[in-house]
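Per-entry structural report
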Amino acid sequence: MSVSPTLYESLIEPLRALDSTGLLQRILERPQYHVDATQERIVRLALLDNAATCPDEYLSYLKDHVGLTSDLNYITQELSPTALRKLITAAVPFWRKKGTTQGVVSTGLYLTGRRPVYLDWFDYRFVLGESEVGIDQVGADPWMLADTGTEPGPYTSTLMLMDDGSVDPELLLAMLGLMRPANERLEVLLFDFLDHFQGAKDLWSSLTEVQGDIAEGVFTLPPGAIERADISIVWTDVYQDYTSVHKFLLGGAGNVHRVYWYYTGENWITLDITNNTPNLVITAYDLGVPTVIYSSDLTGGMSVVPGAWYTLRIETINEDGPYLKVYVDGMLQYESTTGGETATTVGGSLMLAAPVTNAADNRVDNMTIWRQPLRWALIGPTGILNAEAFYHGGYPISPLVPPPPPPPPPPPPLDDETGPYMVPAGRRGDER
């Protein structure tokens, strides 16, 4: 890129030859400063219409060009320059998809970095194998719980997303409120870990040479595989309540589905489920030393059949107890009464394993992990339900959080003698 000549360099040579003392050059330095500043502004004009290059101070003007006008300031005014730049970049594609399922899903994907799970009324009516399912034996389709009873199910949908700690919950709900179909309700669920195995295996770490594989929407675990869920859980000295839910399928007779749940860095439990007797074995490890704390067949007349899907739910609960609960297909199978095996629950991480003794591959699907209470909100035509709890990690605003400071008092009146703009005696403007 060529460099423009300065004002002094633009003068003809005979004039510059007469400036033997450099006086003329020095005189032109001040005008040259303003010329350079003006040229810089001209160059920066080309940057203003591109969200990637627009300076931070002009983003508030650029957003109006892509439909984020002043009536949407409740969304944009609190955003950081980075978040606003990201929103401006995606605004036009978002507007094209507004009111569609693709628009809702794309918004969740863009703001969380993970593809969400979207279920509408039709999904609820055709997805089976969950615990909340029933049939009236009157010739109607099987039903699932698809609404809260205040409005018809066809006008309610659910969006499940994963938060790795980087999601802005206020921006997420505000954008989903814009993108949802008009006059419909959107339930938003935010998990610490969510994998329905519809994409790459980027949320799991293989701990053995035998590795699990994601294909056709399920996670296949061959004999000898151990896979750890890469979940962002911060270890703290505060007791935490965690829940893990997933579906599993035993690939053959005698197969074992094993789950490791670490509740501190040095202590964990394992749950083994098999179609052999006993069906469920729970072992606690204290600094690596195992103790079998439960061994029994499934209760309630249940059995584990190879080739069938089952839902496993594990709850680790704080010091108020009970400390561990295990459900299979919604039926409680184990409930701790002493809390000895998880009395120090301060975090959590999960691993799935298929023992080398298995005769065939096991399968896993629909893995979710979250810290209680689950962060949820309901976006409807009249506003957002449970928004404050959603913003604050699922909990209502704590009374221990100090209230915002009161607004500053108004300035005192502009009195000449006592106000902040006092005029010295003898210099009042009305005196002559």
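Since we're looking at a predicted model, the values are computed, not measured.

Definitions and limits used
- Residues numbered from 1 in each chain as written.
- Predicted model: local features only at pLDDT ≥ 70, side-chain atom pairs only at ≥ 80, totals over all residues.
- Heavy atoms only, no water.
- pLDDT = per-residue confidence, 0-100.
- Contact = heavy atoms within 4.5 Å.
- Helix = DSSP H or I, 4+ residues; strand = E, 2+ residues; numbered from the N terminus.
- Expected span 1.5 Å × (residues − 1).
- Bend = angle between axes of the 7 residues up to and from the residue.
- Buried < 20%, exposed > 50% of the residue type's maximum accessible area, 1.4 Å probe, protein only.
- Patch = residues over 30% accessible without salt bridge, like charges linked within 9 Å, V, L, I, M, F, W, Y side chains within 5 Å.
- Areas by Shrake-Rupley, 256 points an atom, 1.4 Å probe, with all protein chains shown as cover.
- Salt bridge = Lys/Arg side-chain N within 4 Å of Asp/Glu carboxyl O.
- Lys, Arg positive; Asp, Glu negative; His and termini not counted.
- Charge placed at Lys NZ, Arg CZ, Asp CG, Glu CD.
- Pairing = 2+ DSSP bridges.
- Axes fitted to C-alpha atoms, helices over the stretch in contact; angles between N-to-C directions.
- Polar contact = N/O pair within 3.5 Å; in protein donor to acceptor, adjacent residues only side chain to side chain.

**As for the confidence of the model for the chain**
Across the chain, pLDDT averages 78, with 76% of residues at or above 70. Contacts for the low-pLDDT stretch residues 411-432, under 50 throughout, to residues beyond four places or in other chains number 13 contacts.

**Some thoughts on unusual backbone geometry**
In this model, Thr277 is joined to Pro278 through a cis peptide bond whose omega is 0 degrees. Positionally, Pro278 belongs in the loop between strand S13 (267-274) and strand S14 (280-286).

**A word on helix H7 (residues 81-97)**
For H7, spanning 17 residues, the distance from its first C-alpha to its last is 24 Å, which sits close to the expected 24 Å at 1.5 Å a residue. The largest bend in H7 comes to about 50 degrees, at Ala91, with the proline Pro93 one to four residues further on. Among all positions in H7, only Ala83, Leu84, Arg85, Leu87, Ile88, Ala90, Ala91 and Phe94 are buried. On the buried face of H7, the contacting elements are helix H5 (59-62), helix H6 (73-76), helix H8 (101-112) and helix H10 (169-179). Backbone geometry just after H7 places Gly99 at a positive phi near 85 degrees.

**Some points on a negative patch on the surface**
There is a patch of like negative charges on the surface, built from Glu78, Asp168, Glu170 and Glu388. Position of Glu170 relative to the elements: it lies in helix H10. Overall, Glu170 belongs to the partly exposed group, its relative accessible area being 48%.

**Some words on the sheet that holds strand S22 (residues 383-385)**
Pairing is mixed in the open sheet, where 5 strands are placed in the order S1-S4-S5-S21-S22. Since the sheet does not close on itself, it has two edges, and those belong to strand S1 (117-119) and S22, each with one partner. The sheet shows a mean angle of 20 degrees between the axes of neighbouring strands, taken without regard to direction. Each of S1, strand S4 (156-162) and strand S5 (185-191) is contacted by H8, which is oriented at about 20 degrees to S4, the strand it contacts most. On top of the sheet, H10 reaches S4, S5, strand S21 (375-380) and S22; it is set at about 30 degrees to S21, its chief contact.

**A short note on the sheet that holds strand S12 (residues 256-262)**
One open sheet accounts for 7 strands, arranged S7-S10-S19-S12-S13-S14-S15; its pairing is antiparallel. If you trace the sheet from one side to the other, it starts and ends with strand S7 (204-206) and strand S15 (289-296), each paired once. Taken over all neighbouring pairs, the strand axes of this sheet differ in orientation by 20 degrees on average, direction set aside. Relative to S15, S14 runs antiparallel, the two being bridged by 7 bridges. When the bridges of S15 are listed, Leu280 appears paired with Ser296.

**Quick notes on the side chain of Asp19**
With respect to the helices, strands and loops of the structure, Asp19 is situated in the loop between helix H2 (13-18) and helix H3 (23-27). It turns out Asp19 is buried and unbridged, and the closest side chain with the opposite charge, Arg26, is 6.8 Å from it. There is a polar contact of 3.0 Å between the side chain of Asp19 and the backbone nitrogen of Leu24. If sequence neighbours within four positions are ignored, Asp19 has contacts with Tyr8, Leu24 and Gln25.

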